[in-house]
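Structural description and commentary
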Amino acid sequence: MQHLDFSVLIEYLPAIMDGLFMTIKISVMSIILGSIMGVGGALCRTSKSLLLRSIGNIYVEWIRNTPLLIQILFIYFGLGVFFNLSPMVASVLALSFFSGAYITEIIRAGIRSIHRGQREAALSIGMTEWQVMRLIILPQAIKRILPPLAGQFITLIKDSSLVSVIAVTDLTYVAKNIVTITFRAFEVWFAIAAFYFILSFGLSLAVRKLEERLAESD
Amino acid sequence: MIKLKNVYKNYGSLEVLKDVSLTVAQGEVVVIIGPSGSGKSTLLRTINGLETIEGGEVCIDDFLVHASEANLYKARQLTGMVFQQFNLFNHKNVLDNVTIGPIHVQNKSRAEAEEIAKALLIKVGLPEKAFVYPSKLSGGQQQRVAIARALAMHPQVMLFDEPTSALDPEMISEVLEVIKGLARDGMTMVVVTHEMGFAREVADRVVFMDEGVILEEAPPQEFFSNPKNERTRMLLSRILKH
């Protein structure tokens, strides 16, 4: 039996850090873009217009009922036939579309949970529908949906490991390479798991802090 | 000031307002009473367009409220509304609840809006609550903030939709006092309420509604002592008994 030797991690630390940085970069960009798509999707899904509602529905159902891995492959290789997308851009697009669909549903539920009296009061002082949404409904909805939203962001960080299949040099891709060279599978994958844990758990702690701060008005 | 002409409103096959006409003059206080489901709240809500109408017209000054989106916004800027459930913005403190309209709808500076808000909080007796969130206030206090929020827009007309119905009995008078104060200042008001004593004291005219029609309208003394309509008399005696 082989002895465990974690020193291999020190040797490859610069590469691991590059991978970690790439994972963070992709995750942050996808969280931001995915949230924007989620707000857009939720506005479509709650719109008065049948066309917008249908677009929102098709988006959500299409994404939720196909595997993320296939979406990544489709965007990189499939759309790659028509557009020259870098692995990085394709990854961010895929992850944003994917998480955006789930965020759409979370935000929609949040919007619907706000009592209609809030909307009526805002309309009665002369606000436009857009002001009502932006100033009254969304701030309250987002506060209410922070826990499921945090869960979605954490899922996104973990799912980002799938983009290693299109040769994005993220944490997972770097780990695969190190294992191929050193055969230190246990040490490397254990350490990589720990890095994902720190990222995800750190985010969840940060959201918990934010929740506490927003609880002021409860 | 306000003129409703032959207004019709349905929810599906249910007719809520049937050919309702009502005029409210400048400075007048009109109190609408009637059994629940009589359409009185719906009538009030057609004035600022929170309810659409199927027929007839609603005018404020000289323009038709329901004619266009622009008119709707204009109507809402001329009217202030106070709701049964207060509907304060839960994520904003008292001061921000009152300033949000002046700042975002009337494009006033924050300083100017806060000056207006502070004066109004004094008027409704809550100057010390400026930085408190609605969830920390009693129902009566929330309703007084809601009145301040509506007044901050300098409305020409105030609409009250059962402003005391969700309040504990001991808090009703503090809210009614504020509304009476507005009446003394000459504010034009339409008040839907179950408070008969208030109607008797403050109303220039009492309007009695039942099943989507106005059965009777008269000055309060005349209305309460000598209702003309047989059905008004019957319903009134039932309401006044408890």
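To be clear, the structure that these remarks concern was listed above.
What you see as residue numbers is a count from 1 along each chain, following the sequence as written. Working convention: letters from A go to chains and numbers from 1 go to ligands, in the order in which they are written. In view of the model being predicted, local features appear only for residues whose pLDDT reaches at least 70, and side-chain atom pairs are presented and counted only at 80 or more, with totals across whole chains, interfaces and linings using the full set of residues. Side-chain figures throughout are based on the complete set of non-hydrogen atoms in the structure, without hydrogens or water.

**Considering the sheet that holds strand E1 (residues 2–11) of chain B**
Residues and elements named next belong to chain B.
- Between any two strands, at least two bridges found by DSSP are needed for them to pair. Note on conventions: DSSP H or I runs of at least 4 residues are helices, E runs of at least 2 residues are strands, and numbering of each starts at the N terminus. Across the sheet, which stays open at both edges, the four strands sit in the order E2-E1-E4-E5 with antiparallel pairing between neighbours. For this open sheet the edge positions go to strand E2 (14–24) and strand E5 (63–64), each flanked by a neighbour on one side alone.
- Pairing of E1 with strand E4 (residues 55–60) involves five bridges; the strand directions are antiparallel. Note that in E4 the partner of Lys3 across the bridge is Cys59.

**Comments concerning the nonpolar core**
- Buried Ala, Val, Leu, Ile, Met, Phe, Trp, Tyr and Cys residues form a nonpolar core when they are joined through side-chain atoms within 4.5 Å. Type-normalised accessible area, obtained with a 1.4 Å probe on protein chains alone, sets the label of each residue: buried when under 20%, exposed when over 50%, and partly exposed for intermediate values. Counting 57 residues, the largest nonpolar core has Ile111 and Met127 of chain A together with Ile2, Leu4, Ile32 and Leu43 of chain B as the members making the most contacts within it.
- Top contributing element to this core by residue count: helix H7 (residues 129–144) of chain A, with seven residues.
- The contact rule is simple, with two residues in contact once any of their heavy atoms fall within 4.5 Å. With residues near it in sequence (within four places) discarded, Leu4 of chain B still touches Val20, Ser21, Leu22, Leu43, Thr46, Ile47, Glu57 and Val58 of chain B.
- Judged by nonpolar contacts, the second largest core, of 51 residues, contains Phe86, Val94, Met158 and Phe223 of chain B.

**Considerations on the packing of aromatic side chains**
- Within 6.5 Å between ring centres, the rings of Phe, Tyr and Trp (the latter by its six-membered ring) count as paired, and their orientation is classed by plane angle as stacked under 30 degrees, edge-to-face over 60, tilted in between. For the structure on display, the rule yields eight aromatic pairs over all chains.
- Ring geometry for Phe186 of chain A against Phe190 of chain A: centres 5.8 Å apart, planes inclined by 10°, an arrangement best described as stacked. Here Phe186 of chain A pairs with Phe190 of chain A, and both are found in helix H10 (residues 185–214), just four residues apart, close to one helical turn.
- The class for Phe186 of chain A is partly exposed, based on a relative accessible area of 48%.
- Directly above the ring of Phe63 of chain B sits Lys74 of chain B, whose terminal nitrogen or CZ lies 4.3 Å from the centroid.
- The ring of Phe89 of chain B carries Arg149 of chain B above its face, with NZ or CZ at 4.5 Å from the centroid. Remark: a charge is flagged as sitting over a ring if the NZ atom of Lys or the CZ atom of Arg is within 6 Å of the ring centre and within 35 degrees of the ring normal.

**Thoughts on helix H3 (residues 94–104) of chain B**
- For H3 of chain B, the tally of buried residues reaches nine of eleven residues, placing the bulk of the element in the interior.
- Buried within H3 of chain B are the following residues: Val94, Leu95, Asn97, Val98, Thr99, Ile100, Gly101, Pro102 and Ile103 of chain B.
- Contacts made by the buried residues of H3 of chain B are with H7 of chain A together with helix H4 (110–123) and helix H5 (139–151) of chain B.

**Looking at the interface of chain A and chain B**
- Contact residues are listed per partner, giving 22 residues for chain A and 24 residues for chain B.
- Of the roughly 2,000 Å² buried between chain A and chain B on both sides combined, carbon and sulfur atoms contribute 59%.
- A pairing counts as a salt bridge when a side-chain nitrogen of Lys or Arg comes within 4 Å of a carboxyl oxygen of Asp or Glu. Linking chain A with chain B are one salt bridge.
- For the salt bridge of Arg45 of chain B with Glu120 of chain A, the shortest nitrogen-to-oxygen distance reads 2.8 Å.
- A 3.5 Å cut-off defines polar contacts: any pair of N or O atoms within that distance qualifies, except that in protein one atom must be a possible hydrogen donor and the other a possible acceptor, and neighbouring residues in sequence count only when both atoms are side-chain atoms. For the pair chain A and chain B, the interface holds six residue pairs in polar contact (both at pLDDT 80 or more).
- Those elements that place two or more of their residues in the side of chain A that touches chain B are helix H6 (116–124) and H7 of chain A.
- In terms of residue count, the dominant contributor to the side of chain A that touches chain B is H6 of chain A (eight residues).
- Tallied by class, the residues present in the side of chain A that touches chain B amount to eight nonpolar, nine polar and five charged. By convention, the term buried area covers the 1.4 Å-probe accessible surface removed from two parts as they join, with the contributions of both added. Charged residues are taken to be Asp, Glu, Lys and Arg, nonpolar residues to be Ala, Val, Leu, Ile, Met, Phe, Trp, Tyr, Cys and Pro, and polar residues to be all remaining types, Gly included.

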